[in-house]
Amino acid sequence: MTIARILKQSDIDFFMYYLIYNKKTGKFKLNKNSYIKHKIGKEIGEINWSGYLIIRLYRKRIMAHRLAYAYVYGVKNMPEQIDHKNCNKSDNRICNLRPSNKYTNTQNVGLTKSNSSGCKGICWAKTHKMWKAYLYNYNVCFHVGYFKNIKEAKKAIRKKRTEIHGEFANHG
């Protein structure tokens, strides 16, 4: 089960009747069919609390990246999740969107607020008095190793992350 609402062709048809999508800019604008005549040609959408662009129209709402992907590739080709390559959740250019799932989508994230080492996947192991490097892939933890200095740990984790995460590797 996916977190995102399942899109139907009728949902896409509804929004596309009133909107124009520009693949190069990732922006949606109201077209001539809109009931809001004074806003025809103007960009539509608002950034929600988590940084995604949301489009509201006639009491319906949709995430702009899902609408953009469905508009270009069709509802039948909708992936479980859609990843923003550059991690900017409001950048909905089609070249910035790629199909994903819950595992690969979490690989393309930056540093968390709680990170104290300054590098993703590296922490100080008190028991060993060394830097520990590790990463997750599909709920499996890969222990990269213990290192005396953080530079060695960073080098090792970057190499392993690129090897395992491939195109979704984000080094933070």
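The sections below set out a description of the structure shown in this document.

Calculation criteria
- Residues numbered from 1 in each chain as written.
- Predicted model: local features only at pLDDT ≥ 70, side-chain atom pairs only at ≥ 80, totals over all residues.
- Heavy atoms only, no water.
- Pairing = 2+ DSSP bridges.
- Helix = DSSP H or I, 4+ residues; strand = E, 2+ residues; numbered from the N terminus.
- Contact = heavy atoms within 4.5 Å.
- Axes fitted to C-alpha atoms, helices over the stretch in contact; angles between N-to-C directions.
- Core = buried A, V, L, I, M, F, W, Y, C linked by side-chain atoms within 4.5 Å.
- Buried < 20%, exposed > 50% of the residue type's maximum accessible area, 1.4 Å probe, protein only.
- Phe/Tyr/Trp six-rings, centres within 6.5 Å; stacked < 30°, edge-to-face > 60°.
- Lys NZ or Arg CZ within 6 Å of the ring centre and 35° of its normal.

Turning our attention to the sheet that holds strand 3 (residues 46–47). As summarised here, the arrangement of the 3 strands in space is 3-4-5, forming an open sheet in which the pairing is antiparallel. In this open sheet, the two edge strands, each paired with only one partner strand, are strand 3 and strand 5 (60–63). The sheet contacts of helix 1 (residues 9–18) involve strand 4 (53–57) and strand 5, and relative to strand 5 the element is tilted by about 95°. Here helix 2 (residues 64–73) sits on the sheet and contacts strand 4 and strand 5; the angle it forms with strand 5, its principal contact strand, is near 80°.

On to the nonpolar core. Of all hydrophobic cores here, the largest spans 25 residues; its most connected members are Ile12, Phe15, Leu19, Phe28, Ile55, Leu57 and Leu67. Listed by contribution, the elements that provide at least two residues to this core are helix 1, strand 1 (19–22), strand 2 (27–30), strand 4 and helix 2. Apart from the residues within four sequence positions on either side, Leu19 is in contact with Phe28, Lys29, Leu30, Asn31, Ile44, Ile55, Leu57 and Leu67. The next biggest cluster of nonpolar side chains, apart from the first, holds 9 residues, and it includes Ile122, Ala133, Phe147 and Ile164.

Before going further, it helps to spend a moment on the sheet that holds strand 9 (residues 130–137). Reading across from one edge, 8-9-10 is the order of the 3 strands in this open sheet, with antiparallel pairing throughout. Strand pairing shows two members of the sheet lacking a second neighbour, strand 8 (122–125) and strand 10 (140–147), which therefore form its edges. Averaged over all neighbouring strand pairs, the angle between strand axes comes to 30°, with direction disregarded. Examined bridge by bridge, strand 9 and strand 10 share 7 bridges and lie antiparallel to one another. Its bridge partner lying in strand 10, Tyr136 is registered against Cys141. Contacts from helix 4 (residues 150–165) reach strand 8, strand 9 and strand 10, with the element oriented near 10° to strand 9.

It is worth spelling out unusual backbone geometry at this point. Unlike most non-glycine residues, Arg59 shows phi in positive territory, near 65°. Its place among the elements puts Arg59 in the loop between strand 4 and strand 5. Looking at Arg59, the relative accessible area reads 89%, which means it is exposed. We note that Tyr138 has phi near 50°; this positive angle belongs to a residue other than glycine. As for its position among the elements, Tyr138 is in the loop between strand 9 and strand 10. Among the residues examined, Tyr138 registers a relative accessible area of 43% and is labelled partly exposed.

Here the structure, examined in full by the defined rule, presents 11 aromatic pairs. Here Tyr134 and Tyr136 contribute two aromatic rings whose centre-to-centre distance is 6.2 Å and whose plane-to-plane angle is 85°, an arrangement assigned as edge-to-face. On the basis of relative accessibility, which here comes to 25%, the residue Tyr134 falls in the partly exposed class. Members of the aromatic cluster, joined through ring pairs, are Phe14, Phe15, Tyr17, Tyr18 and Tyr58. One residue, Arg98, lies across the ring of Phe168, its end atom 4.1 Å from the ring centre. Sitting over the face of the ring of Tyr134, Lys132 holds its NZ or CZ atom 5.4 Å from the ring centroid.

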